[in-house]
Amino acid sequence: DPIMGAIVDSMKSDLTTAPNPSGKKKKGAIKNDAIQCLALCSLANISGLELIQAMHVEVQHVLVSKTSTEQVKKKSALCLLRLTRTSPNLVSGREFAPHIGELLQHKHLGVLMSVMSLLNGLASQHSSNYESLIPHVVHVLSLLVMKQQCAREYLYYRTPSPWLQIKLLKFLQIYPNAVEGHDVGMEASGYVSQLINVVSKILMETDVSDSINKSNADHAILFEAVNVIVAWGITCPVSMREGAMKLLGKFISVREPNIRYLGLMTMAKLAQIEGSVEGAKKHQATVLVSLKDADISVRRRALDLLFVICDTDNAERIVDELVAHLVVADASIREEMVLKIAILAEKYATDLRWYVDSILKLISISGDYVGDSVWHRVVQIVTNHPQGDLQGYAVGTLFVAVSPHRCHETTVCVAAYLLGEFGFLIAERPGMSGEEQFHVLHQHWFNVGTKTRAILISTYAKLANLYEECRPLVAPVFARSKNSADVEVQQRCAEYASMREAFSPEAVEDLLREMPPFEDKRRSALELRLLETEGENSAAVTKASVPSEVEQQRAFQSAQLLDNSPIEEEMEPIDEQEDDEPDFEKSE
């Protein structure tokens, strides 16, 4: 393309042989910085693939050239960053890293800031190629923090170039193994010693200032330093982790909502490091107070932190507090709270009867925000744990829950499914016979949707199969619903009504027997839903993905149960990733 060729030639000319303002070319004439900067800005803004391939080498030469001025170096670093975002493999990291190392020795802080922006962008794409630059970065950070070396124009409320400090700390977070394998004690030497001293000074000397601007800048640096500690994980000295946790405990109780928000978020990350959760649990009361904050973003971070610090010891208290708070919680956060409460109750329930009670409380308080995946999980857990009296307790509790004429439709769904499967366990109890179970469920028939009616129909078929007195009650329902406008309801009624005529009694018994245990997947539908809403980097998602000791014990018991089940390969469980209701007819 001749036009593109002319553009490339013009830009190259501006970058390499920029004329002076007089228009006369003289040997040794000083280049016009403005023309070079304009060429770099044009290239960054256009950044077409053909233009990038033709010009990126010249941009790198201008950046590393010793004759380029500070202004041109800043523009060329930012231009190259823009080009690498479009073409990530544009720069050869191993060849270019030494040049970056030389640029990090530049005395102009503006150049350092632009070079660090470029380095962070390159390192985030190919981190191993730039690991050798850690000592250079630590040296620059040490000059700013320890020696306060900073030009006057880069001082911000007496803080040396906070933006550059933040960029330097962000680069260090890319390398969580920076101190691994090194002596980090009192005898540490080299850049590791410098780095430990710098981070320790930031932690110890940062405090709330009367000036909001200075306080914001200092705390931005502080939180990035804590993020470095989080990135180091268990390789970080224990004293530094404890100091950071203590400091964050102070910040989550201050008035300033921004600092409180960052404190809660960073503490949730820090608490995930092995051995740090006990320090976070000391601030549980403060976090519960933040759950009632006027700012919705602060409430969300408090919920995340409670989720992270929850374990077997404090699960009941935290879940009970969250359930109680649901009554007054805003609609904007209720769905998230319900999901996390359901995960915590399952994850740390030493007694699954408490888990069933907690989920029923959730439904009664915030039934509209309880997704299908929540009650599907209840069905799955109750079905998979026949040990003890869990199944009898669950159906007895649900029978009582659906006895009132008014109850939430989700409660009816759970009760219908489980009474159809395990209602026979309570049939001998006073007032809980098969006929009573039918009446208690059928009173909700006209108040529920078609999906719930489909579940009720399957339950009626199972009740009629078990209890002869239920057959005259169920037959009219099937007869009326054969002409239902909903295809699923119509089909189920027609099939169940003709089943006894089409099959032998033994075949009917076989078709309507109780469901086998469900297969436990690596991640439950609730965890997948949490991952979908919050992303992989969320502290809550990371916590939910690690099985608790209680879950491991239950998984072992379920695996044994599945191994002993003679019909498990013939039966299909509820698909956890779908929102449809459990299907009673899978055994067919």
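Everything numeric in this text was worked out from a predicted model, so none of it was measured. (Residues numbered from 1 in each chain as written. Predicted model: local features only at pLDDT ≥ 70, side-chain atom pairs only at ≥ 80, totals over all residues. Heavy atoms only, no water.)

Caption draft 1: Molecular detail of the overall build of the protein chain. For the protein chain, the count of helices and strands is 29 helices and two strands. Since a compact globule built from 588 residues should have a radius of gyration of about 25 Å, the 33 Å found for the protein chain marks it as more spread out than a globular shape. Along the first, second and third principal axes, the C-alpha set of the protein chain runs to 110 × 60 × 45 Å. Within the protein chain, the proportion of its 588 residues that are buried is 51%. (Helix = DSSP H or I, 4+ residues; strand = E, 2+ residues; numbered from the N terminus. Rg over C-alpha atoms; globule rule 2.2 N^0.38 Å. Buried < 20%, exposed > 50% of the residue type's maximum accessible area, 1.4 Å probe, protein only.)

Caption draft 2: Summary view of the nonpolar core. By size, the foremost hydrophobic cluster in this structure holds 183 residues, and its most contacted members are F171, L172 and W232. With 10 residues, the top contributor of residues to this core is helix α6 (residues 109-125). Non-local contacts of L172, meaning those with residues more than four positions away in its chain, are made with I134, V137, V138, L141, L195 and V228. (Core = buried A, V, L, I, M, F, W, Y, C linked by side-chain atoms within 4.5 Å. Contact = heavy atoms within 4.5 Å.)

Caption draft 3: Molecular detail of unusual backbone geometry. Despite not being glycine, Q148 has its phi angle at roughly 55°, a positive value. If you trace the backbone, Q148 turns up in the loop between α7 (134-145) and β1 (155-156). Judged by its relative accessible area of 43%, Q148 falls in the partly exposed class. Of note, the phi angle at Y157 is positive, near 50°, even though the residue is not glycine. Within the secondary structure layout, Y157 lies in the loop between β1 and β2 (159-160). Here Y157 falls in the partly exposed class, since its relative accessible area comes to 39%.

Caption draft 4: Expanded view of helix α20 (residues 390-402). For α20, spanning 13 residues, the distance from its first C-alpha to its last is 18 Å, which sits close to the expected 18 Å at 1.5 Å a residue. When α20 is considered as a whole, its buried residues turn out to be L390, Q391, G392, A394, V395, G396, L398, F399 and V402. Those residues of α20 that are buried are in contact with α18 (352-366), α19 (372-384), α21 (409-422) and α22 (434-442). (Expected span 1.5 Å × (residues − 1).)

Caption draft 5: Expanded view of the packing of aromatic side chains. For the structure shown, the criterion picks out seven aromatic pairs. Put simply, the rings of Y156, Y157 and W163 touch in pairs and so form one group of aromatic residues. Positioned above the aromatic ring of Y393 is the side chain of R353, whose terminal nitrogen or guanidinium carbon lies 5.9 Å from the ring centre. (Phe/Tyr/Trp six-rings, centres within 6.5 Å; stacked < 30°, edge-to-face > 60°. Lys NZ or Arg CZ within 6 Å of the ring centre and 35° of its normal.)

Caption draft 6: Geometry of the side chain of E58. Inspection of the secondary structure puts E58 in helix α3 (residues 49-64). An unpaired buried charge is present at E58: no salt bridge exists, and K12, the closest side chain of opposite charge, is 4.0 Å distant. Ignoring sequence-local partners within four residues, the contact set of E58 consists of K12, L15 and T16. (Lys, Arg positive; Asp, Glu negative; His and termini not counted. Salt bridge = Lys/Arg side-chain N within 4 Å of Asp/Glu carboxyl O.)

Caption draft 7: A look at a nonpolar patch on the surface. A cluster of nonpolar side chains, F424, L425 and L466, forms an exposed patch at the surface whose accessible area comes to about 250 Å². Mapping L425 onto the fold places it in the loop between α21 and α22. L425 gets classed as partly exposed once you look at its relative accessible area, which sits at 38%. (Patch = residues over 30% accessible without salt bridge, like charges linked within 9 Å, V, L, I, M, F, W, Y side chains within 5 Å. Areas by Shrake-Rupley, 256 points an atom, 1.4 Å probe, with all protein chains shown as cover.)

Caption draft 8: Structural view of the packing of α18 against α20. Between α18 and α20, the least distance of the axes is 10 Å, while the angle of their chain directions is 25°. On the basis of the axis angle, α18 is roughly parallel to α20. Of the two possible hands of crossing, α18 and α20 adopt the one that is right-handed. For the pair α18 and α20, the contacting residues are L352, R353, V356, D357 and L360 in the first and L390, Y393, A394, T397 and L398 in the second. (Axes fitted to C-alpha atoms, helices over the stretch in contact; angles between N-to-C directions. Parallel < 35°, antiparallel > 145°, perpendicular 65-115°, else oblique. Left-handed = near helix turned anticlockwise from the far one by under 90°.)

Caption draft 9: Broad picture of the pattern of salt bridges. Taken as a whole and assessed by the stated rule, the structure comprises 20 salt bridges. The residue R260 makes a salt bridge to D293 at a minimum N-O spacing of 2.4 Å. Here R260 is found in helix α12 (residues 257-270), whereas its partner D293 is found in the loop between α14 (284-290) and α15 (296-309), with 33 residues between them in sequence. Neither residue differs from the other here; R260 and D293 are each classed as buried. Counted as one network, the salt bridges with shared partners bring together R300, R301, D304, E336, K340 and E534.

The values are spatial; any link to function lies outside them.
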